[in-house]
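Fold and geometry: a report
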Amino acid sequence: MRDPGELLPLTTLTYHVLLALADSDRHGYGIIKDVEERTNRSMRIETGAVYHAISRMRDDDLIEPVPAHERPSDEDGRRRTYRLTSWGRHVLAAESARLRQLVEIAEAKQVLQPRES
Amino acid sequence: MSTHPSSGPSRFWIALLRAALLFHPPRHRADYGSEIEKVFGARVTDARKTLRRWGLIAFQVREMRGLIRSGLSTRWEELTGRSSSPRQRNDDPSVLDGYGILSGVLSDLRFALRGLRKAPAFTASAVIVLALGIGATVTAFAGFKVAVLTPPPFPEADRLVSVDLTRSRDDGERISRWAYPYFQRFVDWPDRLIDPVAAYRRQVVTLTGLGPASQLDIEVVSPDYFRVVGLPLALGRGFVQEEGDPTGPYRVAVVSHAFWQLRLGGEFDAVGREIRLNGQAFQVVGIAPTGFSGFAGGADLWLPHGAYAVVQPGVLEQAGNHVAWVVGRLRPGVTLGAAGGQIEVVGQAIAEEWPRQDSYGAGLRSFSEVWTNSGAETASVLLAMAAGLVLLVACANLASLLFTRARRRVREGAVRRALGASRWRIVRGLLLESFTVAAVGGIAGVVLSLWGMQMIARAWPTQFLEGSGTGMQVINPSGLGLDAGVIAFAVLLSLGVALLIGIVPALRLSSFNITDHLKDGAGATRRRGGKAGIDPQGLLVGAQVALALILLVGVGLMGATVGRLLGVSEGFRTEQLLSFDFSSPQTVPRMDPRDPDVWRAHITLSAQFDERVQQRLTALPGVESVTMSSGGVLSGFQAVLGIRVEDATRSRDATSIGVVPVADNYFEMLGIPVVRGRGFDQSDGLPGTPVAVLSQSAVSMFFPDEDPIGKRIDTFFSLPGRQSAEVVGVVGDVMYTGPDQERFPVAYYSLRERRFGSTALVRTADNPTDVVRSIQQELSAMDPTVAMSNVTTLDQLITQSVGDRGLIFWLLLIFATITVLLAAVGTWGVVAYSVAQRQRELGLRIALGAGGQRVLRLVIKRSTLTALVGVVIGLSGAWAGSRILEAFLWETSARDPRIFLGGGVLLLAVVLLASYLPARRATRVDPVEVLRTVE
């Protein structure tokens, strides 16, 4: 298997798109809504940028469109939905681990208080 | 923008989005285009819930920008084959754009922008200089486009011809209007090769019943008129053959699209409506093609010949009454030559049937020949050239500025090259800088030109409207504006300018020897042009001086012309004088030359109304005196008629004379001196004996060495039985046409003898335009069917009479002022820079005992020499170029040495002053300070 390290660090947008697809397959608009909701709309997301990211992530085999015959029949057939590939899930995990490591350093240096969960 | 609260984006934004998608590579667009559009729609619907109008607009703008940016990035990635990677490159987490930078050019552009931001004074002056140059040139180009490049706006215009009636005399042939009987002869010609044909003439009628009474410009036309025009009518129909029958009466009219919109409310049922012209009811049968205002221009309405019997009876039947222009279309496949041959035969037939001293003929000209105004053409070429000079000076100025900047940055260039930047990379960086400046300057210039075009359209002289030898308006100044052609021109111009100003400094900077400059330290620019060949900055300043001088001489020549024209005596007191025409009340019968009784009644009743108007207006506050005439001073004659001098023993050269019917107090009120005999009084006019007063030039023409008093003259178109009038007085010459025209002979008659409409002249205590309102109220109180028109002051008429030359003068003056200022500023900059650079040397000289005067001379010597060379070159250029102005000069030689000399001296003085001021600083250099601080 390839080394996810060569793709890291991910751009913020790429990371958010991967996160949006982590729990559910979504179409473009769904991805944008998910990111907006999760970040309390603190991010300005341009449609053009999202599709630029989608196109590139498909080239990198991080995500793929869900084939029509696998889609639930009640869904709007004209919209294309995307899902993570296993490679994409792998890269997402690697990036998350990298970020966690960064946060742990910040906590160790007491820049950030550890959250009590 | 849609007003529905929960709807998606408006069609406008969808269109923008599709345009923005064009920035994406086709494959990408095909793959994601429709999806992006849907997502955008859904997001706008969402955004409407939370955002107000401006927020929503901002959101949509951001989306468009994002789309363009992502499209460009995708293209860039495809182009460079760069492996697209989702790796993070953008450190600003608040904007989630995940794509790569357009490296190279973009970063260079950023670099250029940063450089410009860091030098705001340079940037601002560069943009202003360019805006002036480009603004002037774009304005001139738009003028040129309207005046020269605009083809006739009719379909198949290559088949359109002007059919000319010619009258030849010993001194040559001239093109004349047609009389209707001749036109009818042509229309009835068997197997006409020109079909359809149409005659048209301008006329003024009074419109009542739609708001206050008003005078309308109309055209009276033959039935095939709209077929010749060839454009589809907006509504209804054109005229049919029966309506061309001059005995009529057919009460039908076609109105202009503008008239329909403004006066008839633009309703579809306007066709069939009734309007009242000269007190008679007419039915609107059609709406003319949109934007069309007649071949003669300015028409609001068209009447067929068949309506003539109603508005102005009797005019059509008269042979020798030359009133109409004729146009037509060649039959398909017929050549101009073949049709021209037929027309010549028609001309011969007319000449045989109506023999005259100046015998008739007929000829053809294609529209491409007619559709030009030589004055406007020359003027627009001239002004385009002048504007080009302004732009050249602006470029020279900027190149000089950029050069100074480049010199300052020599070290920067050397360092960058030493660090491995290629020469091309450095040139590219500098070119980007000049492109950026040119782009901003170009945009500012286009904005400036919008204003310029407005000014020119407003000041467009009447002399620049009509085609040569026709009554046709061939130039439409309202077409002045930004269209695709003008914008393309502006863009190309800006690009050219960017190259012109950027390339020399860029090449120069990039070619400096690397090691020399790194070794050299702070005084890197010590090597000056003085020793090693020509100093490019001196060259640029010299060029500016030369070009500015050419314009300055042009202004001098035009100024002398306009001054001399305005200095021509009008022959009467023009101060505080208002002039306007007014229509007769509807109770006064129309003049009918076929019925002498009606004719007499028309004259008598009109004169009675005139006298009442005169009394009522004189009583108005602010009015000092009032007089009447038919046809005003300085606005041309209402009638130029054939004249016969009775008991003439010699043959007379002149055959026609301007005929001006006037009120009794006309000469006294206008201050026209009665040289011999008397003016008019109560006893003159109907029913007394016919008398006339001649102007001095008429006397010298018809009675060169005899006493004219008591002689009899006979002019055409007089009341039957009253043709012969006794000359009772001689008065001074008055300007009826322009100041550059020879004084035309004039015969005055009493307004109770004959008339061609009513013109009032009102002398006021203060500003003449103050009383217009009260005059209007007074007139409509006297009779609501009376309309005022052509309201103007004599001052305006005088300005108009030099309109074409005035426009050229003012534009040249503006252009010349800009260039002289630029040349001065350019000189200043170069001298100031050289003083700053030579501080060390100058300090040393002063330390070694050189006096202030000596140092000053040293600094100024160079710029003075440059300016002198520039003046010499400029004078030769002006000498060669002033010929172009010749067509517009009046009593001024295109080579007037005083003007050339004056321009040269003036410019030299300006340049010397501009170099003296910064040079003075050189004498105040403190040698101790300089020697201590510099190295």
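Just so we're clear, the structure is a prediction, and the values are computed from it rather than from any experiment. (Residues numbered from 1 in each chain as written. Chains lettered and ligands numbered in written order. Predicted model: local features only at pLDDT ≥ 70, side-chain atom pairs only at ≥ 80, totals over all residues.)

What to know about the overall build of chain A
- Regarding its fold elements, chain A presents four helices and three strands.
- Along its sequence from the N terminus, chain A presents helices and strands in the succession α-β-α-α-β-β-α.
- When its C-alpha atoms are laid out on the principal axes, chain A stretches across 50 × 35 × 30 Å.
- Expressed as a percentage of the 117 residues in chain A, the buried residues total 33%.
- Taking all contacts inside chain A whose residues are at least 6 apart in sequence as the whole, residues at least 24 apart take part in 57%. (Helix = DSSP H or I, 4+ residues; strand = E, 2+ residues; numbered from the N terminus. Buried ≥ 20, exposed ≤ 12 C-beta atoms within 10 Å, placed from the backbone. Contact = placed C-beta atoms within 7 Å.)

What about the overall build of chain B?
- When helices and strands are tallied, chain B shows 27 helices and 22 strands.
- Counting only C-alpha atoms, chain B reaches 105 × 80 × 65 Å along its principal axes.
- By the burial criterion, 43% of the 935 residues in chain B qualify as buried.
- Relative to all contacts within chain B whose residues are 6 or more apart in sequence, the contacts with residues 24 or more apart total 82%.

Notes on the environment of tryptophan 13 of chain B
- In this structure, tryptophan 13 of chain B sits in helix 1 (residues 11-21).
- Placed 220 residues apart in sequence, tryptophan 13 of chain B and leucine 233 of chain B show a C-alpha to C-alpha distance of 35 Å.

A few points about the sheet that holds strand 2 (residues 63-65) of chain A
Residue and element names in this part refer to chain A.
- The three strands are arranged 1-3-2 in an open sheet whose pairing can be described as antiparallel. Strands at the two margins of the open sheet, each flanked by one partner only, are strand 1 (26-27) and strand 2.
- As paired strands, strand 1 and strand 3 (residues 81-84) are joined by two bridges and run antiparallel to one another. Pairing of histidine 27 across the sheet is with threonine 81, part of strand 3. (Pairing = 2+ DSSP bridges.)

A look at helix 25 (residues 852-881) of chain B
All names here are of chain B.
- Taking 1.5 Å of rise per residue, the 30 residues of helix 25 would be expected to cover 44 Å, and the 42 Å separating its terminal C-alpha atoms lies within 8% of that figure.
- Largest kink in helix 25: about 35°, centred on isoleucine 860.
- Buried residues along helix 25 sit in contact with helix 17 (536-567), helix 23 (803-837), helix 24 (839-847) and helix 26 (897-923). (Expected span 1.5 Å × (residues − 1). Bend = angle between axes of the 7 residues up to and from the residue.)

Looking at the nonpolar core
- Counting residues in each nonpolar core, the largest one holds 242 residues, and the members touching the most others are Leu130, Ala253, Val390 and Ala548 of chain B.
- The greatest single-element share of this core, amounting to 20 residues, is contributed by helix 12 (residues 374-408) of chain B.
- In this structure alanine 548 of chain B touches Val393, Ala816, Thr819, Val820, Ala823 and Leu907 of chain B, once residues within four positions along its chain are discounted.
- Listed in part, the 35 residues of the second largest apolar core include Ala53, Ile54 and Leu92 of chain A together with Val39 of chain B. (Core = buried A, V, L, I, M, F, W, Y, C linked by C-beta atoms within 7 Å.)

Section: the pairing of strand 1 (residues 160-169) of chain B
All names here are of chain B.
- Alignment of strand 1 against strand 10 (residues 325-330), held across four bridges, turns out to be antiparallel. Pairing of leucine 160 across the sheet is with arginine 329, part of strand 10.
- Both strand 1 and strand 11 (residues 359-366) contribute to a ladder of eight bridges, which runs antiparallel. When the sheet's bridge partners are listed, threonine 166 is paired in strand 11 with glycine 361.
- In this structure, strand 1 lies alongside strand 2 (residues 172-176), joined through five bridges in antiparallel fashion. Bridge pairing in strand 2 links leucine 165 to serine 176.
- Between strand 1 and strand 2, which pair antiparallel in sequence order, lie two residues.

Regarding the packing of helix 18 (residues 596-618) of chain B against helix 21 (residues 772-782) of chain B
Residues and elements named next belong to chain B.
- Between helix 18 and helix 21, the least distance of the axes is 10 Å, while the angle of their chain directions is 135°. The orientation of helix 18 relative to helix 21 falls into the category oblique. For the element pair helix 18 and helix 21, the recorded crossing hand is right-handed. For the pair helix 18 and helix 21, contact is made by Arg612, Val613, Arg616 and Leu617 and by Ile775, Glu778 and Met782, respectively.
- Across the contact of helix 18 with helix 21, the residue classes break down as four nonpolar, no polar and three charged. (Axes fitted to C-alpha atoms, helices over the stretch in contact; angles between N-to-C directions. Parallel < 35°, antiparallel > 145°, perpendicular 65-115°, else oblique. Left-handed = near helix turned anticlockwise from the far one by under 90°. Nonpolar A, V, L, I, M, F, W, Y, C, P; charged D, E, K, R; others polar.)

Concerning the packing of helix 23 of chain B against helix 26 of chain B
Residue and element names in this part refer to chain B.
- Viewed as axis vectors pointing N to C, helix 23 and helix 26 meet at an angle of 25°, and their least axial separation amounts to 8 Å. Between helix 23 and helix 26, the interaxial angle falls into the category roughly parallel. Here the hand of the crossing between helix 23 and helix 26 comes out right-handed. Two secondary-structure elements touch here, helix 23 through Val820, Ala823, Ala824, Thr827, Trp828, Val831, Ala832 and Val835 and helix 26 through Leu907, Val910, Val911, Ala914, Ser915, Leu917, Pro918, Ala919, Arg921 and Ala922.
- Residue classes in the contact of helix 23 with helix 26 are distributed as 15 nonpolar, two polar and one charged.

Thoughts on helix 26 of chain B
Residues and elements named next belong to chain B.
- In a regular helix each residue adds 1.5 Å, so 27 residues correspond to 39 Å; helix 26 covers 38 Å between its end C-alpha atoms and thus fits that length.
- Remark: the principal bend of helix 26, roughly 30°, maps to leucine 917, with a proline, proline 918, within the next four residues.
- Those residues of helix 26 lying buried are Ile899, Phe900, Gly903, Gly904, Leu907, Val911, Ala914, Ser915, Pro918, Ala919 and Ala922.

Observations concerning unusual backbone geometry
- Of the consecutive residues leucine 8 of chain A and proline 9 of chain A, the connecting peptide bond is found in the cis state with omega at -5°.
- Positionally, proline 9 of chain A belongs in the segment before helix 1 (12-22).
- With an omega dihedral of 0°, the bond running from aspartate 195 of chain B to proline 196 of chain B counts as a cis peptide bond.
- In this fold, proline 196 of chain B is placed in strand 3 (residues 194-209).
- One non-glycine residue, asparagine 278 of chain B, adopts positive backbone phi at about 50°.
- With respect to the helices and strands, the residue asparagine 278 of chain B is situated in the loop between strand 7 (274-277) and strand 8 (280-287).
- One non-glycine residue, glutamine 576 of chain B, lies in positive phi territory at about 45°.
- Position of glutamine 576 of chain B among the secondary structure elements: in the loop between helix 17 and strand 12 (577-582).

Let's talk about the environment of tyrosine 736 of chain B
Residue and element names in this part refer to chain B.
- Here tyrosine 736 lies in the loop between strand 19 (724-731) and strand 20 (746-750).
- Its 23 C-beta neighbours within 10 Å are what place tyrosine 736 among the buried residues.
- Residues tyrosine 736 and tyrosine 748, spaced 12 residues apart in sequence, show a C-alpha to C-alpha distance of 13 Å.
- Residues within four places of tyrosine 736 in sequence aside, it is in contact with Val633, Leu634, Gly636, Phe637, Gly658, Phe744 and Val746.

What about the confidence of the model for chain B?
Residues and elements named next belong to chain B.
- Across chain B, pLDDT averages 85, with 92% of residues at or above 70.
- Mean pLDDT in chain B bottoms out at helix 16 (residues 514-520), which sits at 56, and peaks at strand 6 (residues 252-255), which reaches 96.
- Segment residues 83-103: pLDDT under 50, and 55 contacts once partners within four positions in sequence are set aside and those in other chains are kept.
- In this model residues 521-533 is a low-confidence stretch, pLDDT under 50, and it forms 12 contacts with partners more than four residues away in sequence or in other chains. (pLDDT = per-residue confidence, 0-100.)

Some remarks on the pairing of strand 3 of chain B
Residue and element names in this part refer to chain B.
- Pairing of strand 3 with strand 10, which is carried by five bridges, proceeds in the antiparallel orientation. The residue of strand 10 that forms the bridge with tyrosine 200 is tryptophan 325.
- Sheet topology note: the strand 3/strand 4 (residues 211-221) ladder contains nine bridges and is antiparallel. Following the sheet pairing, arginine 202 is matched in strand 4 by glutamate 219.
- Of the strand pairs in this sheet, strand 3 and strand 7 are connected by two bridges, and their pairing is antiparallel. Each bridged residue has a counterpart across the sheet, and for leucine 207 the counterpart in strand 7 is leucine 277.

Points about the environment of glycine 632 of chain B
Residue and element names in this part refer to chain B.
- Here glycine 632 lies in the loop between strand 13 (623-629) and strand 14 (640-645).
- Here glycine 632 falls in the buried class, since 22 other C-beta atoms lie within 10 Å of it.
- The residues contacting glycine 632, other than those within four sequence positions of it, are Ser579, Thr759 and Leu761.

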